[in-house]
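Examining the three-dimensional arrangement
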Amino acid sequence: MDETLLMTVKEAVSNEVFSVWFLIGAALVFWMQAGFAMVEAGFTRAKNTGNIIMKNLMDFCIGTVVFIAIGFSLLMGEDLVGFIGKPGFDLFTSYDNFDFSSFVFNLVFCATTATIVSGAMAERTKFLSYCIYSAVISALIYPIEAHWIWGGGWLAGLGFHDFAGSTAIHMVGGISALIGAKILGARIGKFTKDEKGKIVKVNAFPGHNIAIGALGVFILWFGWYGFNGAAATSLPQLGSIFLTTTVAPAVATVVCMIFTWIKYKKPDVSMCLNASLAGLVAITAPCDVTDVTGAICIGAVSGLLVVFGVWFLDYVLRIDDPVGAVAVHCMNGIWGTIAVGLFATPSAPGYSIADANGVQMAGLFYGGGFKLLGIQLLGFVTVAGWTAVTITIAFFIIKAIIGLRVSREEELTGLDSTEHGLPSAYAGFAMQPEYIEEGAVEPVVVTGEVPVAEAVEVKKMPAFTGDGHKYTKVEIICKEAKFETLKTAMMKLGITGMTVSHVLGCGVQKGKPEYYRGVQIEANLLPKIQVDIVVSAVPVRDVIETAKKVLYTGHIGDGKIFVYDVENVVKVRTGEEGFDALQDVE
């Protein structure tokens, strides 16, 4: 009797503990909103940061409102013919008997689906349009397909398995992002076209703050332990989920690092950050049913798939996805769905995959044959079809009524200012203006009633006769990091006086190429140092050769050297002119 009582107490305590963990997991998933916001903000340009933060805030808040109104009942309501949950208002009519934990848990997952779309459509989407389609995803698209999988719908009855959302959340968000980015069109300047309108070049838009993007990835990875683990019902199962959720993204990141190092000659930072997320997305569906070997294989494929996905969108589909949302969520959501049919093993703690007759099923590589794989493929096709049709209809309706895209002027200015009246998300910092269209710099138009040649009187001044010496000005433009090396080298030549200015440099030239996410980086406005030296006694050629030697790296942006004749030099303090004025600086 005592043993029975002890077991009952242990079971009750265990249930209470896992109920608390269930809500902690929901809180971790909510914290992932911060991660999505940081990744999207860091991978895009500074002029749109406020807009991105606002979108990530509002997709959760708007999602909460519509989830209360209809989304939750469509997802978890009484099943109607396996398709949707019965609409209802139990939250209001039966609050004392309501499953509060289930509501909160499903709400934070729903919000994740909507926020995925934001990244692919960043920097050119109307804020109002974003709010509308975010509400549509949270109210209808996600709840209905999620009901098929988690709410007792027809896919669940077949034995389809998606433990935490590779299909229901990430693939759905990724497909919506893909279609939205296609309908919306690329950012101005992303693709260069020839006179016939054919795309001949892909241009890179480096993210303005990779550190913030990396912080977002770490936040997401941390939150993913709740994302995948919150529904665990035993300690061994939870431990196994934590293990697979750690191994897959780690392997994906290592594989991506090696691959980009080989392909682009340097390990790509932003691509590796994407690879971490790709591994997490792919392991989300099979996290509870695979072992460490399966997690390693799933992660390895993810690390390559994310690089392929970014390239495929840029160079084949010609779709502009600023943050890699489609490569990370759509492609790896599909991969994670399929991976269940390949790597599901009954040796995993709490394994429970079974068909409609209750017969246990396993993955193809673990002796289960093709049955589970076929069911997973069916789930992928049907959920993808539902998402593609419904989101396409939603986008075209929004486009027809209020439009999806901001104006050209608004996009070039930045959405912080034009959509929110926010001069900058970084008060006190000067943002570099961007006037780019198809890779070209907009001309500055000067107008006036009187031509410049007539408005300014030109007077011929007598030339300086000189003192018999030749004076030469050497102007050196170089990287800020090279200034100390250049200064030391000039002093060794005997030059102790020089004028140093901070300038912005821009140019297009051949050199050792730099890559961002697989796309060669073109020149942009970059901070430089301008060093002006006037010499007479020191040979000009010595100055030039010394500067070339210390500044050369072979990379774009090493700098330029300009040489000018100087008529005269005057020292203000003493009044000395010519050769004498240079004696204490050469």
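As for the overall build of the chain
Helix and strand content of the chain: 18 helices and twelve strands. Considering the chain as a whole, with its 586 residues, one finds that 49% of them fall into the buried category. Of all intrachain contacts in the chain linking residues separated by at least 6 positions in sequence, the fraction that spans at least 24 positions is 77%. Here the chain has roughly 27,400 Å² of accessible surface; of this, 66% comes from carbon and sulfur atoms.

Brief notes about the side chain of Asn 106
Within the fold, Asn 106 resides in helix α4 (residues 100-120). A distance of 2.8 Å separates a polar side-chain atom of Asn 106 from the backbone oxygen of Ser 102. Contact partners of Asn 106, with chain neighbours within four places excluded, come to Phe 67, Phe 72, Leu 75, Met 76 and Tyr 142.

A short note on the confidence of the model for the chain
Per-residue confidence for the chain averages 89 on the pLDDT scale, and 88% of its residues sit at or above 70. Within the model, pLDDT remains below 50 along residues 435-448, and this stretch shows 19 contacts once partners closer than five positions in the same chain are excluded.

Focus: a nonpolar patch on the surface
Among the surface-exposed residues, Val 254, Met 257, Ile 258, Trp 261 and Ile 262 lie close enough to one another that they form a single nonpolar patch of about 490 Å² accessible area. Mapped onto the elements of the fold, Ile 258 is located in helix α9 (residues 235-264).

Comments concerning the pattern of salt bridges
Pairing is possible between side chains of opposite charge, provided their charged atoms come close. Under the criterion given, the structure shown has 13 salt bridges. Residue Arg 187 is joined to Glu 123 by a salt bridge in which the shortest nitrogen-to-oxygen separation is 2.5 Å. A residue pair is termed long-range when its members are at least 10 positions apart, and Arg 187 in the loop between α7 (166-184) and β3 (191-193) and Glu 123 in the loop between α4 and α5 (127-150) qualify at 64 residues. Assessed through its relative accessible area of 4%, Arg 187 is described here as buried. Its relative accessible area of 0% is what places Glu 123 among the buried residues.

Some points on the packing of α5 against α7
To characterise two packed helices, one gives the angle between the axes of the helices and the distance between these axes. Running from amino to carboxyl end, α5 crosses α7 at an angle of 140°, the nearest separation of the two axes being 10 Å. As far as their axial angle goes, α7 and α5 are oblique. The way α5 lies across α7 gives a crossing that is right-handed. Along the contact surface, α5 presents Ile 137, Ile 141, Tyr 142, Glu 145, Ile 149 and Trp 150, while α7 presents Thr 167, Ala 168, Ile 169, Val 172 and Ser 176. Looking at the contact of α5 with α7 residue by residue, the class counts come to eight nonpolar, two polar and one charged.

Re unusual backbone geometry
Trans peptide bonds make up the majority, and among non-glycine residues the majority have a negative phi. A positive phi angle, close to 50°, is found at Val 81, a residue other than glycine. With respect to the secondary-structure elements, Val 81 resides in the loop between β1 (79-80) and β2 (84-85).

Brief notes about the packing of α4 against α5
Orientation of α4 relative to α5, taken along the N-to-C sense of each, is 135°, at an axis distance of 9 Å. In terms of orientation, α4 and α5 fall into the oblique class. The hand of the α4/α5 crossing is right-handed. Judged by residue contacts, Asn 106, Phe 109, Cys 110, Thr 113, Ala 114, Thr 115, Val 117 and Ser 118 of α4 engage Tyr 130, Tyr 133, Ser 134, Ile 137, Ser 138 and Tyr 142 from α5. Within the contact of α4 with α5, the residues separate by chemical class into eight nonpolar, six polar and no charged.

A short note on the environment of Val 81
Of the residues examined, Val 81 reaches a relative accessible area of 82% and is grouped as exposed. Taking the C-alpha atoms as reference, Val 81 lies 8.0 Å from Trp 154; in sequence the two are 73 residues apart.

A word on the packing of aromatic side chains
A full pass over the atoms with the stated rule returns 26 aromatic pairs. Geometrically, the ring pair formed by Phe 30 and Phe 60 is edge-to-face, given 4.9 Å between the ring centres and 65° between the ring planes. Pair noted here: Phe 30 is in helix α1 (residues 2-42) and Phe 60 is in helix α2 (residues 49-76), with a separation of 30 residues, a long-range link. Using a relative accessible area of 43% as the deciding quantity, one classes Phe 30 as partly exposed. Ring geometry for Phe 308 versus Trp 311: centroids 5.9 Å apart, planes at 35°, classification tilted. Of this pair, Phe 308 and Trp 311 are both found in helix α11 (residues 292-317), three residues apart, which corresponds to roughly one turn of the helix. Counting every residue linked through ring pairs, the aromatic cluster contains Phe 22, Phe 105, Phe 109, Trp 150, Trp 224 and Phe 227. In this arrangement the basic side chain of Lys 55 is found over the ring face of Tyr 130, its NZ or CZ atom lying 5.2 Å from the centre.

What counts, and where the lines are drawn
All residue numbers refer to positions counted from 1 along the written sequence of the respective chain. This being a predicted model, a pLDDT of at least 70 is required before a residue's local features are given, and a value of 80 or more before pairs of side-chain atoms are given or counted; all residues contribute to the totals for chains, interfaces and linings. The side-chain figures draw on all heavy atoms in the structure; neither hydrogens nor water molecules are used. Helix and strand assignments follow DSSP, with helices taken as H or I runs no shorter than four residues and strands as E runs no shorter than two, numbered in order from the N terminus. Burial status follows relative accessibility: with a 1.4 Å probe on protein chains alone, a residue under 20% of its type maximum counts as buried, one over 50% as exposed, and anything between as partly exposed. Only heavy atoms enter the contact rule, under which two residues are in contact if any of them lie within 4.5 Å. Surface exposure here means Shrake-Rupley accessible area, sampled with a 1.4 Å probe, where a residue is shielded only by the protein chains that are shown. N or O atoms within 3.5 Å of each other form a polar contact, as long as, within protein, one can give a hydrogen and the other can take it, and as long as residues adjacent in sequence are counted only when both atoms are side-chain atoms. The predictor's confidence in any single residue is recorded as pLDDT, a number from 0 to 100. The patches described consist of residues with a relative accessible area above 30% and no salt bridge, like charges being joined within 9 Å and nonpolar side chains (Val, Leu, Ile, Met, Phe, Trp, Tyr) within 5 Å. For this analysis, a salt bridge means a side-chain nitrogen from Lys or Arg found within 4 Å of a carboxyl oxygen belonging to Asp or Glu. Note on geometry: axes are lines fitted to C-alpha atoms, helical ones only across the stretch in contact, with angles between N-to-C directions running from 0 to 180 degrees. Here the angle decides the label: under 35 degrees means roughly parallel, over 145 means roughly antiparallel, 65 to 115 means roughly perpendicular, and every other value means oblique. Crossings are assigned a handedness: left-handed for a near helix turned anticlockwise from the far helix by less than a right angle, right-handed for a clockwise turn. Each residue is assigned to one of three groups, with Ala, Val, Leu, Ile, Met, Phe, Trp, Tyr, Cys and Pro labelled nonpolar, Asp, Glu, Lys and Arg labelled charged, and all others, Gly among them, labelled polar. Stacked, tilted and edge-to-face pairs are distinguished by plane angle, under 30 degrees for stacked and over 60 for edge-to-face with tilted covering the rest, among Phe, Tyr and Trp rings (Trp via its six-membered ring) whose centres lie within 6.5 Å. Only when the NZ of Lys or the CZ of Arg is both within 6 Å of the ring centre and within 35 degrees of the ring normal is a charge said to sit over the ring.

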